[in-house]
Amino acid sequence: MLRRHTHEAVLALVTLLAILVLSLQSDQFLSVANLLNQGRLMTEVALVALVMTFVIASGGIDLSVGSIMGLSAILLGTFWDGFGLPLPLAMLAVLVVGTVCGLFNGIIIVHFGMPPLIATLGTLALYRGLAEGISQARSVRGWPEWFARLGQGDWLGLPVQVWILLAALALAGAILGFTRWGRTVYAIGASETAARFSGLPVDATKLAIYAVSGFASALAALIFVARVSTTRSDMGTGLELDVITAVVLGGTSIFGGRGTILGTALGLILVQVLENGLSLAGVKGDGTIVLIGVVLIATLLVSTLTERRARA
Amino acid sequence: MTQTLTRTLPCLMGSAAILAASFAAPAQAAWTGGDDQPTSPLACDASTVAPDAGSYNGGTVTGAQPSDTLRVVDVPKLVGIGYFNATSAGVAEAAAELDGVEATTDGPAQANIDDQITLIDNYITSGVGGILYAANDPVAIAPVLRKALEAGIHVVGYDSDAEPDARQWFVNPAQFNGVAKTLMDELAQQIGADGSFAIVTSTFTTPNQARWIAEMDAYQAKCYPEMEWLETVEAQEDNILSFNQAMTLINKYGEDMDGLVGMTSVATPAAAEAVTQADLCGEVSVMGLATPNAIRPYIKSGCMEDAVLWNPVDMGYAALHVLKAAVDGTLEPGAAEVEAGRLGTLQIINGSEVLLGAPTVFNAENVDDFDF
Amino acid sequence: MTDLSQDAAAPRTGPIRRILRDYGHELLVVAAIIALLVVVGAINPRFVSARNMTSVFSGNAYIAVAAIGMTMIIVTRNIDLSVGALIGVLATVSGTLAVSGAPIWVAWVAPILCGALINAVTGLLVAYAGIPSIVVTLGMMAILQGGLISVTGGAWISDLPPEFLLAKMKVMGLPMPLVWAVALTVLAAAWMRLTPYGRSLYLIGGNAEAARAVGIPVRRRIVEVFMIHGAFAGLATLLFATQLQVIQSTTPPNLELLIITAAVIGGVSILGGTGTVIGASLAAVLFAAIGSALIFVNVSAYWLRAFIGVLILVTVLFDVMRRRRETRQKGH
């Protein structure tokens, strides 16, 4: 068990250590209010990261998630304020558009054989460009109370979006860990050719993964708009890097074939703990960025070396 | 392979031509880059209307706990540009002057709304007594600032405001229509009331810049109808990009362009550099918002006549004084003015805005008197 | 390496055909540049004026120079996301030395050496610790970016001595950046194509096992390639940071994406093993020309990024389809 999950074990240790050290630096760090608030702040990145685990475990990557988030935010404003759709319908439409954007990524990757890094580098520019073109730098404001609750309110003692996150976490963990579909994802990541020869539905699975990645980005956009109560075409800029950092820190191999939702969850928690805890301890933002970079490299270094020794 | 090439080449050239043509068409309507809020251009002559103090429309802080030292965090839009280095220096200066005040500056590395919100949220948790901010987005930042007020933290904005009820006071460096008037009047003096000009701004989504541009557009239509607004281009807060964009505008319009206006303290010196390198000093006028240190070489070389800005050091300085006054209770809703250390008495306008004063025009005579 | 297999597949070839075959992708980019110049030049002749051409070619030469190093990295099946941050750091190093009164040549050489040294760390982590380059460079990007602001506190460097401003100098009437970009591209292209060392990079990217089998020290080579790439980033910094009279202490936003995109549009396969530095340099020129052209033909700046996205997708699509057809032809 421990051997199979060396990375997760290393990561859990580092996270615990970080929590311990940081809680000594600040009394507020381990307070319930702060922890719940951190859950609220990390939801958008976490939702996208859960799906990104599938994408990367299947040997792909999706750089366009931040741009899909920006486009979705802008379209939510356009559908609701511009076209006068009822808000629930507009939200639904945005989720559909996000999914279609993801599906488009999938199609150019699967059917036209473009490398995922390049295909989504292209759509990163394309979707962001569409967001900018459609919005013409205008923001939509004045969201109804019930919608704002999605991003700012509480339900049964937890921030509303944390419930969504927990549900997504359970779902993603179950699918990747315990279903045939999850095993297909690993098989594709380990060797696409072998997966194809074993008769696994490679193309359909990849299409589905990218489509869900788009869906998650659109969902994150809804929550983010509700949290900040405005739309901007630059929303989600740089999201892809935060997401990839968390997933990779969580032990998902960038070459595919390996990675767990548990790891990603730990990666997300570690990054959030560092950002929050260091800030509370009085470290400035730029120092925190440096530390996250160091932790990313150091964790991977330790886990690679441990694994190598275990194998030897 | 040859076959592929002969087939793809015309495709590529054809598509380039089509794209170029299809994009050329809708461009006729000159794009100014202003926002869609209502404008209120000032009178064309020098007559001024005394701004209205109005009734207090700021927020209220609840449950503030008095303490011996007031810990204040100053959160600018981003760190790493000269302008906010200057505001931060002003905050530090005021902190040294005031008794029992500790102030630190911490901001996002890029002008990113989410990073700024997260940062403020963390400082609320850590239990600071006061927050100074320059908002990347007036609406997006509002919820977290309201949360601060509810947690008993005093909140004062400067440079870029949030929704009024999300903070107590806002130090307004200069009113939007006042800045617009000063810029356009100075520009008209240099390029004539029938001159043509182009604008280099940060991004079309930056609230202050979009607001100034909208006011400039309205003021120009009212007072200088013969002037021609060629176009507005984006250049982030990046000086190389600003330089390249300015150069491209110079190349595009040639002698048809009389003036270049920079809307950020990054864009203006970069535009001056472009005009210098194109050897067009005197033919293309450069002006805009800029810090004196950045434009000093161009004013000295005669390539620029003047630039406009308030003193960002004073703005940061005033912001902390206002915050301290709010904490001490010497500044209360309904006040018409506030004492701000070496700046003397500052006037309160629009309900809850502290007016820093009129923008300063930096030129060959006074540029050496400033250092920021 | 690719040449060998293709020679065997198509024995009857004249010189023109051979050029078309070996440099098909590069010629495509050249054709796109020419098409752009002709079309936009017809709409607004000032686009092809000497001054605008100078600013297009020389103002963006640093991207071409950085793309040379990036090409080598990608050819060996790696990637570097930290190059934009690295250029920001090196610019500050160079500028600080220039105003500190150190001899100018020190300020010029330092970024090249520092670039190589910093990237040696990256290379060691990639090659010997076995951490994927995308991860190491993601971490390095954060470290360099955050570190730069921590150290400088955001202060700009101004009052640069005029003799430091390399990018403003001219050689035989030609702007220095242009001369450098062309010279470095030609040298690097020749080196990669003609020397056994250069060719080994393609083998490492194409098939690392095979490279090891024929006795190429793969790990050491990867560290060395990262160092060479760092040196090129240093050279790019010299052209980048000396254009104006001030050096900003923040890293240029999205520069790494621009450099990677240039390498990829220039024909470097992200799967490693193929691609030339000439294509990457040309693609950097194409980008610069497009950026300028969009202003000239009055494309609303709002749609600019969408346009670039479409361009990336279309170019790569052409390339993917071309390669598919080639593989199929080879199969017959």
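Rules of the game
Residues numbered from 1 in each chain as written. Chains lettered and ligands numbered in written order. Predicted model: local features only at pLDDT ≥ 70, side-chain atom pairs only at ≥ 80, totals over all residues. UniProt positions renumbered as here; feature names shortened; annotations may be inferred. Helix = DSSP H or I, 4+ residues; strand = E, 2+ residues; numbered from the N terminus. Buried ≥ 20, exposed ≤ 12 C-beta atoms within 10 Å, placed from the backbone. Contact = placed C-beta atoms within 7 Å. Pairing = 2+ DSSP bridges. Axes fitted to C-alpha atoms, helices over the stretch in contact; angles between N-to-C directions. pLDDT = per-residue confidence, 0-100. Domains from an automatic or database assignment. Nonpolar A, V, L, I, M, F, W, Y, C, P; charged D, E, K, R; others polar. Expected span 1.5 Å × (residues − 1). Arc of directions from axis to C-beta.

In the nomenclature of an unreviewed UniProt entry, chain C is known as Autoinducer 2 import system permease protein LsrC of Salipiger marinus. Chain C has a UniProt comment under Subcellular location (unreviewed entry) that states "Cell membrane". On record in UniProt, under Subunit (unreviewed entry), the comment for chain C is "The complex is composed of two ATP-binding proteins (LsrA), two transmembrane proteins (LsrC and LsrD) and a solute-binding protein (LsrB)."

Per an unreviewed UniProt entry, chain B goes by Autoinducer 2-binding protein LsrB and derives from Salipiger marinus. Comment text from UniProt for chain B, heading Subcellular location (unreviewed entry), reads "Periplasm".

Engineer: Sorry if this is basic, but what is going on with the overall build of chain C here?
Structural biologist: Assigned secondary structure in chain C consists of 15 helices and 2 strands. When the 332 residues of chain C are sorted by exposure, 56% land in the buried category. Once local pairs closer than 6 in sequence are excluded, the contacts in chain C between residues at least 24 apart make up 79%.

Engineer: Explain the sheet that holds strand 8 (residues 259–262) of chain B here, please?
Structural biologist: Hydrogen bonding along the main chain pairs the strands of a sheet, whether they run parallel or antiparallel. Residue and element names in this part refer to chain B. Spatial strand order, 7-6-8-9: 4 strands in an open sheet with parallel pairing. Strand pairing shows two members of the sheet lacking a second neighbour, strand 7 (228–234) and strand 9 (285–288), which therefore form its edges. Neighbouring strand axes in the sheet, compared pairwise and without regard to direction, differ in orientation by 20° on average. Alignment of strand 6 (residues 196–201) against strand 8, held across 4 bridges, turns out to be parallel. Directly across from F197, in strand 8, lies its bridge partner G259. Across the sheet, helix 8 (residues 267–277) is in contact with strand 6, strand 8 and strand 9; its angle to strand 9 comes to roughly 175°.

Engineer: Honestly, the environment of A:G267 in this entry has me stumped. Any pointers?
Structural biologist: All names here are of chain A. Assignment of secondary structure puts G267 in helix 12 (residues 261–280). Note: C-alpha distance between G267 and S23 (244 residues apart in sequence) is 19 Å. Those residues within four positions of G267 in sequence are excluded, and the remaining contacts are L11, A246, V247, L249 and G250.

Engineer: Is there a simple way to explain the confidence of the model for chain B in this structure?
Structural biologist: Fine structural detail should not be taken from predicted coordinates in areas where pLDDT scores are low. Across chain B, the average pLDDT comes to 86, with 90% of residues at 70 or higher. Here residues 1–29 of chain B is modelled with pLDDT under 50, and outside its nearest four sequence neighbours on either side it reaches 37 contacts, counting other chains as well.

Engineer: What is the right way to look at the domain arrangement of chain B in this model?
Structural biologist: By a frequent convention, interface size equals the accessible area lost on bringing the separate parts together. Residue and element names in this part refer to chain B. The domain architecture assigned to chain B consists of domain 1 (33–49 + 175–309) and domain 2 (70–173 + 311–357). The distance between the C-alpha centroids of domain 1 and domain 2 comes to 28 Å. In this complex, domain 1 contributes 8 residues to the contact, which on the side of domain 2 involves 9 residues. Of the residues that constitute the side of domain 1 that touches domain 2, the class distribution is 3 nonpolar, 4 polar and 1 charged.

Engineer: Before we go on, may I ask you to explain the interface of chain C and chain A in this structure?
Structural biologist: If you look at the interface, chain C gives 38 residues, while chain A gives 37 residues. Mapped by element, the contributors of at least two residues to the side of chain C that touches chain A are helix 8 (133–152), helix 13 (255–265) and helix 15 (304–331) of chain C. Across the side of chain C that touches chain A, the residue classes tally to 28 nonpolar, 8 polar and 2 charged.

Engineer: What's the story with unusual backbone geometry in this structure? I'm lost.
Structural biologist: Excluding glycine, residues mostly have negative phi values, and the peptide bonds linking residues are mostly trans. A positive phi is found at B:D279, a non-glycine position, where the angle reads about 65°. Phi angles above zero are rare outside glycine, and C:R77 is one such case at about 70°. In this structure, C:R77 sits in the loop between helix 5 (61–75) and helix 6 (83–99).

Engineer: Please clarify how the pairing of strand 5 (residues 169–172) of chain B should be interpreted in this entry.
Structural biologist: Side-chain positions along a regular strand alternate between the two faces of the sheet. All names here are of chain B. Burial along strand 5 is two-sided: the residues W169 and V171 and F170 and N172 are all buried. Pairing analysis gives 3 bridges linking strand 4 (residues 154–158) to strand 5, with the strands arranged parallel. Opposite G157, over in strand 5, you have F170 as the bridge partner. Note that strand 5 and strand 13 (residues 353–355) share 3 bridges and pair parallel. Within strand 13, the position partnered with N172 by the bridge is L355.

Engineer: How should I be thinking about the sheet that holds strand 1 (residues 70–75) of chain B in this particular structure?
Structural biologist: Residue and element names in this part refer to chain B. Spatially, the 8 strands line up as an open sheet ordered 2-1-3-4-5-13-12-11, and their pairing is mixed. Every interior strand has two partners, whereas the edge strands, strand 2 (101–105) and strand 11 (337–339), have only one. Taken pair by pair, the neighbouring strands of this sheet meet at an average axis angle of 25°, ignoring direction. Of the pairings in the sheet, the one linking strand 12 (residues 345–349) to strand 13 comprises 3 bridges and is antiparallel in character. The residue of strand 13 that forms the bridge with I349 is E353. Where helix 2 (residues 82–97) meets the sheet, its contacts fall on strand 1, strand 2, strand 3 (130–133) and strand 4, and the angle it forms with strand 2 comes to roughly 165°. Helix 3 (residues 113–126) rests against strand 1 and strand 3 of the sheet, and its axis sits at about 175° to strand 1.

Engineer: Looking at this structure, I do not really get the UniProt feature "domain: Periplasmic binding protein" (unreviewed entry) in chain B. What am I missing?
Structural biologist: Sites flagged by UniProt as "domain: Periplasmic binding protein" (unreviewed entry) map to residues 75–329 of chain B. Counted over residues 75–329 of chain B, helix gives 49% and strand 17%. Its end C-alpha atoms are 23 Å apart.

Engineer: Explain helix 3 (residues 24–43) of chain C here, please?
Structural biologist: Residues that lie three or four places apart on an α-helix share one face, since the helix turns once every 3.6 residues. Residues and elements named next belong to chain C. Helix length check: helix 3 (20 residues) gives 29 Å between terminal C-alpha atoms against 28 Å at 1.5 Å per residue, within 8%. Regarding helix 3, the residues found buried are H25, E26, L28, V29, A32, L36, V39 and V40. Along the axis of helix 3, the buried positions cluster into a sector of 165°, meaning they face one direction only.

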